[in-house]
Amino acid sequence: MDPNLDARLKAIEIKLDNMSRMVSRMRGSQKRAAAFRVFYWLLIIGLSVGAFYFIQPYLTQLKSVYTGFSDIGGSLNGTKDPQRGSSAPDSQSIGNLIDQLKQLNN
């Protein structure tokens, strides 16, 4: 047997152990990165849903005011309102619009 063979085998064994440790550390780092990425996207989606839930009442009020404006605008332009059958704006629809704007400010 070659006396250098034992020394070379020992050096190869040490290098393999070091490489095994590095590979296992890299794999652990990949697992942590994947877990963080999932947490990151869940956080973004959760904040988006929460923001929509928080803003939804304001959007509903704006929608009702917009429909009030479109009803008033249609009656001011002389288009017939199928519910009332008249083409002139009436004080009741203008009063409803003013009430909606007051509710928006509150």
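Heads up: the structure comes first, above all this text.
Let me begin by describing the structure that accompanies this report. Since the model is a prediction, treat every value here as computed from it, not as a measurement. (Residues numbered from 1 in each chain as written. Predicted model: local features only at pLDDT ≥ 70, side-chain atom pairs only at ≥ 80, totals over all residues. Heavy atoms only, no water.)

1. A look at the overall build of the protein chain
The helix and strand tally for the protein chain stands at 2 helices and 0 strands. Buried positions account for 8% of the 106 residues belonging to the protein chain. As presented, the protein chain carries roughly 9300 Å² of accessible surface, and 63% of it is formed by carbon and sulfur atoms. (Helix = DSSP H or I, 4+ residues; strand = E, 2+ residues; numbered from the N terminus. Buried < 20%, exposed > 50% of the residue type's maximum accessible area, 1.4 Å probe, protein only. Areas by Shrake-Rupley, 256 points an atom, 1.4 Å probe, with all protein chains shown as cover.)

2. Looking at a nonpolar patch on the surface
There is a patch of nonpolar side chains on the surface, built from F52, F54, I55, Y58, L59, L62, F69, L101 and L104 and spanning about 870 Å² of accessible area. Broken down by secondary-structure element, the contributors of at least two residues to the nonpolar patch are helix 1 (3-76) and helix 2 (91-105). For the nonpolar patch, the leading source of residues is helix 1, giving 7 residues. With respect to the element layout, F69 can be found in helix 1. (Patch = residues over 30% accessible without salt bridge, like charges linked within 9 Å, V, L, I, M, F, W, Y side chains within 5 Å. Salt bridge = Lys/Arg side-chain N within 4 Å of Asp/Glu carboxyl O.)

3. Looking at the packing of aromatic side chains
The full count for this structure, using the stated rule, is 2 aromatic pairs. Ring plane angle 65° and centroid distance 6.3 Å describe the contact between F54 and Y58, whose orientation is recorded as edge-to-face. Note that F54 and Y58 are positioned in helix 1 at a spacing of 4 residues, about one turn of the helix. According to the relative accessible area criterion, Y58 is partly exposed, its value standing at 49%. (Phe/Tyr/Trp six-rings, centres within 6.5 Å; stacked < 30°, edge-to-face > 60°.)

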